[in-house]
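Listed below are the residues making up each chain.
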Amino acid sequence: MSNHEQHETAHRPVQRKEMSRRQFLSYTLGGTTAFMMGGAVLPMVRFAVDPLLIKKEGGNFVKVVEESKITAEPQEFKFKIHQVDGWYESEPELVAWISKAEDGKIFALSPVCKHLGCTIFWNTKGRSEYDCPCHDARYSKDGKNITVANTPLDEYEVDVKDGFVYLGPIIANTRV
């Protein structure tokens, strides 16, 4: 490139590329569409994500019964818990079979059979065992599986204080 050509290109005005009407309409309609879609989608995203952002409380214990009412013979006790599923709040009634072990320690078993989820009952056939009416599964007083079911009954975490028995979340059976 000669010196003269360099001088001419240096003094030329910068040429701007003009936007056509079609490009202007495309950009305007695209931006408007994106804005409107964002306005419709963002509330849905917040609706879906908001329950995940709420801080979860640890396993709460619920007062169930006076400690003096617990015997060596398992007894059925019903109690309610406060439950939140997303935005739906409820207070379902749960059941626990509570008794004292030979060492005097209180324990509580879940009434849900580990075979197919039916509700078990204590001593219905006079054998001092938990019996499942659905498929004749049987469990010992400690929740150990005797027949049909492959695993022992679950138990509740138990806390005894101020003369009352408090039950917490369900855990795997630690007694057998």
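Residues numbered from 1 in each chain as written. Predicted model: local features only at pLDDT ≥ 70, side-chain atom pairs only at ≥ 80, totals over all residues. Heavy atoms only, no water.

(A) Representation of the overall build of the protein chain. A count of helices and strands for the protein chain gives 2 helices and 12 strands. Each helix (α) and strand (β) of the protein chain, taken in turn from the N terminus, gives the series α-α-β-β-β-β-β-β-β-β-β-β-β-β. Looking at the protein chain as a whole, 24% of its 176 residues are labelled buried. The contacts of the protein chain with a sequence gap of at least 6 include a subset with a gap of at least 24, amounting to 42%. Within the structure as shown, the protein chain displays about 12,800 Å² of accessible surface, and the carbon and sulfur contribution to it stands at 55%. (Helix = DSSP H or I, 4+ residues; strand = E, 2+ residues; numbered from the N terminus. Buried < 20%, exposed > 50% of the residue type's maximum accessible area, 1.4 Å probe, protein only. Contact = heavy atoms within 4.5 Å. Areas by Shrake-Rupley, 256 points an atom, 1.4 Å probe, with all protein chains shown as cover.)

(B) Spotlight on the packing of aromatic side chains. Considering all chains together, one arrives at 3 aromatic pairs under this definition. Ring plane angle 70 degrees and centroid distance 5.8 Å describe the contact between Trp-97 and Tyr-130, whose orientation is recorded as edge-to-face. Taken together, the residues span a long stretch of sequence, with Trp-97 in strand S5 (residues 93-100) and Tyr-130 in strand S8 (residues 130-131) at a distance of 33 residues. We note that Trp-97, like Tyr-130, is buried. Here the guanidinium or amino end of Lys-161 rests over the ring plane of Tyr-166, the centre of that ring lying 5.3 Å away. (Phe/Tyr/Trp six-rings, centres within 6.5 Å; stacked < 30°, edge-to-face > 60°. Lys NZ or Arg CZ within 6 Å of the ring centre and 35° of its normal.)

(C) Layout of the side chain of Ser-99. Looking at the secondary structure, you find Ser-99 in strand S5. Beyond its immediate sequence surroundings of up to four residues, Ser-99 is in contact with Ile-70, Thr-71, Ala-72, Glu-73, Pro-74, Lys-105, Ile-106, Phe-107 and Lys-141.

(D) Looking closely at the state of the cysteines. By the definition in use, this model includes 1 disulfide. Here Cys-118 pairs with Cys-134 through a disulfide, and the sulfurs are 2.0 Å apart. Where Cys-118 bonds to Cys-134 through sulfur, the torsion about that S-S bond is close to -105 degrees, and the disulfide is left-handed. Taken together, the positions of Cys-118 in the loop between strand S6 (106-109) and strand S7 (121-122) and Cys-134 in the loop between S8 and strand S9 (138-139) put the pair 16 residues apart, joining distant regions of the chain. (Disulfide = S-S within 2.5 Å.)

(E) Layout of the sheet that holds strand S10 (residues 145-147). Strand order in this open sheet of 4 strands is S7-S8-S9-S10, and the pairing throughout is antiparallel. At either margin of the open sheet sits one strand with a lone partner, and together these are S7 and S10. With 2 bridges joining them, S9 and S10 adopt antiparallel strand pairing. Bridge pairing in S10 links Arg-138 to Thr-147. (Pairing = 2+ DSSP bridges.)

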